[in-house]
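Structural features, examined
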Amino acid sequence: MKTHFIKLILVCLLAIFTVSFGSCSKESESTIQKKVFTSKNYNLVNENYNWDDISQRTFEMNYGSYNNFGIGFETGLFTAEEEKEQLNVLLDDLKQFISVLGPMKEFDLYIVQTSPKRASYSKKDKVFLLKDDFLAKEYHVLLMDAYELKYEWSGYGLNAYVSGDKADESMLKDYYLNHDSMDCLELLPIRFIEEWNTQIELDIAKKSAISLTKFVLEEYDIQKLNQVDNDIRTKWLEHIGVNKEYQYSYGDIGNYSYSKDTSNLLVVDSGRNIYNIKKISGLTECSDDVEKLLYFTEKEIQYINSYLLENLPAYEFDFSSKRNISTSSGSVSTAKGNLDIDLTRPDVVIHEYMHTVFPLSGDLYSEALSEYFGKIVCNNTYWQEAFYKNYLLENKVVEDPVVPLIQSYYYSHHKKPLGYDEIDRSISIDAIAYASITADFHAVGTWRPLEFRLGNRMKKEGMELNYPEATSFLKFLINQYSLDTVMNSALTDISYKDAYGKEYEILKEDWIQYLNEKP
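Just so it is clear, the structure is predicted and the values come from calculations on it, not from any experiment. (Residues numbered from 1 in each chain as written. Predicted model: local features only at pLDDT ≥ 70, side-chain atom pairs only at ≥ 80, totals over all residues. Heavy atoms only, no water.)

1. Description of the nonpolar core
- Core analysis: the largest hydrophobic core is formed by 144 residues, its most contacted members being Tyr176 and Phe373.
- Every residue in contact with tyrosine 176, bar those within four places of it in the chain, is listed here: Met182, Cys184, Leu185, Ile204, Ser208, Trp236, Leu237, Ile240, Val242 and Lys244.
- Of all hydrophobic cores here, the second largest spans 7 residues; its members include Tyr63, Val112, Tyr121 and Phe128. (Core = buried A, V, L, I, M, F, W, Y, C linked by side-chain atoms within 4.5 Å. Buried < 20%, exposed > 50% of the residue type's maximum accessible area, 1.4 Å probe, protein only. Contact = heavy atoms within 4.5 Å.)

2. Section: helix α6 (residues 169-177)
- Residues Leu172, Tyr175 and Tyr176 constitute the buried set of α6. Buried residues of α6 fall within an arc of 90 degrees about the axis and therefore sit on the same side.
- In this structure, the buried side of α6 is in contact with α7 (199-219) and α8 (230-239). (Helix = DSSP H or I, 4+ residues; strand = E, 2+ residues; numbered from the N terminus. Arc of directions from axis to C-beta.)

3. A few points about the side chain of glutamine 407
- Mapped onto the fold, glutamine 407 is located in helix α13 (residues 402-413).
- Side-chain polar atoms of glutamine 407 contact the backbone oxygen of tyrosine 391, separated by 2.6 Å.
- If we ignore the near neighbours within four places in the chain, the residues touching glutamine 407 are Tyr391, Leu392 and Leu393. (Polar contact = N/O pair within 3.5 Å; in protein donor to acceptor, adjacent residues only side chain to side chain.)

4. Overview of the packing of helix α14 (residues 425-439) against helix α19 (residues 504-516)
- Interhelical geometry of α14 versus α19 gives an angle of 105 degrees and a closest axis separation of 10 Å. Taken together, the axes of α14 and α19 are roughly perpendicular relative to one another. Between α14, through Asp430, Ala433, Tyr434 and Ile437, and α19, the contact on the second element is made entirely by Trp511, Ile512, Tyr514, Leu515 and Asn516.
- For the contact of α14 with α19, the per-class residue count stands at 7 nonpolar, 1 polar and 1 charged. (Axes fitted to C-alpha atoms, helices over the stretch in contact; angles between N-to-C directions. Parallel < 35°, antiparallel > 145°, perpendicular 65-115°, else oblique. Nonpolar A, V, L, I, M, F, W, Y, C, P; charged D, E, K, R; others polar.)

5. Remarks on the sheet that holds strand β7 (residues 257-259)
- Here 6 strands make up an open sheet; going across it, the order is β7-β8-β9-β10-β12-β11 and the pairing mixed. Looking at which strands have only one partner, the edges of the open sheet turn out to be β7 and β11 (334-336). Ignoring strand direction, the axes of neighbouring strands in this sheet form an average angle of 15 degrees.
- Pairing of β11 with strand β12 (residues 340-343) involves 3 bridges; the strand directions are antiparallel. Residue pairing in the sheet places threonine 334 in a bridge with aspartate 342 of β12.
- With respect to the sheet, helix α9 (residues 287-311) is in contact with β7, β8 (266-269), β9 (273-277), β10 (323-327) and β12, its orientation differing from that of β9 by roughly 155 degrees. (Pairing = 2+ DSSP bridges.)

6. Details of the confidence of the model for the protein
- For the protein, mean pLDDT is 84; residues scoring 70 or higher make up 85% of the total.
- Every residue in residues 1-55 is under pLDDT 50, and counting partners more than four places away or in other chains gives 106 contacts. (pLDDT = per-residue confidence, 0-100.)

7. Observations regarding unusual backbone geometry
- With a phi angle near 55 degrees, glutamate 148 is a residue other than glycine that sits in the positive phi range.
- Locating glutamate 148 in the fold gives a position in the loop between α4 (140-146) and α5 (152-163).
- Under the relative-accessibility criterion, glutamate 148 is labelled exposed at 53%.
- In this model, serine 482 sits at a positive phi of 100 degrees, which is unusual for a non-glycine residue.
- Inspection of the secondary structure assignment puts serine 482 in the loop between α16 (467-481) and α17 (483-492).
- For serine 482, a relative accessible area of 29% gives the class partly exposed.

Take a look at the structure:
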């Protein structure tokens, strides 16, 4: 009976211990039970980031299992004595997180020198924490995985919340009251990367993450961090004394993966495309530029894909392969093969994407189709802004003979726009084509004939046209004969006579007559 009573007491004590750990009250050193600590090999293979020799390797580690998580130190990072000391520090930090935030899910934590992403990251319940981040107690990636959070900013916020760091909300109030744009408050990962932001922008992003996380935890709960929307951000702004409604300029960019490699300051995997981004003047100079480019490209590629499937049902399209889109300081954007795009200007990204969809040889169809989809079909706000600034601004200095002709044509076919968002892209292309033909202006750049830029070894018709003329001509054919008819002609290389019932020169005359018609 006495033995049975003692066993019952032990069972009760064990149950109390288990509950106390699960409820995350502060406990003694025994809260995290060490089961085993041995040498172990871990084979790291990451197919999505196959940039160099570290993305496929085997590294040795000292590994231990603790309750519902494991800890591994890559061998060679510390001496035996240092590793023991750092392990104790780490266990104390984990116990503090559990005490404040609640139980963690099962995961393995590996302290490593570097990673395929050149940053700390997690994948499939494995957290790879860089040594430098570990020593600086930058645990945001660990916290995201352990508490199943989607957004990196919430990891930063939790890290600060547990350590007791507080944000200067008066500074945040002044910033958001005095800035028309509140895009920083979307708190995308690029806002926390030094190379893409000024020091004040970095400070605002970090302080906003800290304050917003604290607000959500105290007003809601930890899982609400995955559901922070415009309404919650607006309530937070009210909380710090800013009576403004939050609205992000670029819609929903998505929860993309951000990292870097040996050649690029930023690598973004959207799940559909991979962006290899360098800082390029006029293209990706700051975090705003990058966010705008990502939003525009992803949104318009999805729109173009849907448009093609709907309007060309007889064609078999495969959009499953990721495109590698790399910013470049070169003079000309190019599509290389079916997957790779070098981008020098943001307004041509869909043009180059279309070259990967229709890898035609360089001719009128190849370039004009890419321009048609890239500037007319898609909502190319970059092009609208460029057209407005280059040709329609009130104080535009008229240097080229085409500018007055462009303005005259555009204003005779469309109301005077109050801004670039009111530009009619179809009419803008016709206006440039009309001016080019009327003035016979083929001097430089985009005004030069296609054959000057692409050559014309096959002596194909239409190569005397420049880009705006070819695009306007192709748009005319599509409107007159249908997109399917034009695509069939482009892909089968049949003659204009067989495709449209008229010779090329007759079609060209019809098109010029169309341009000269008064609305």
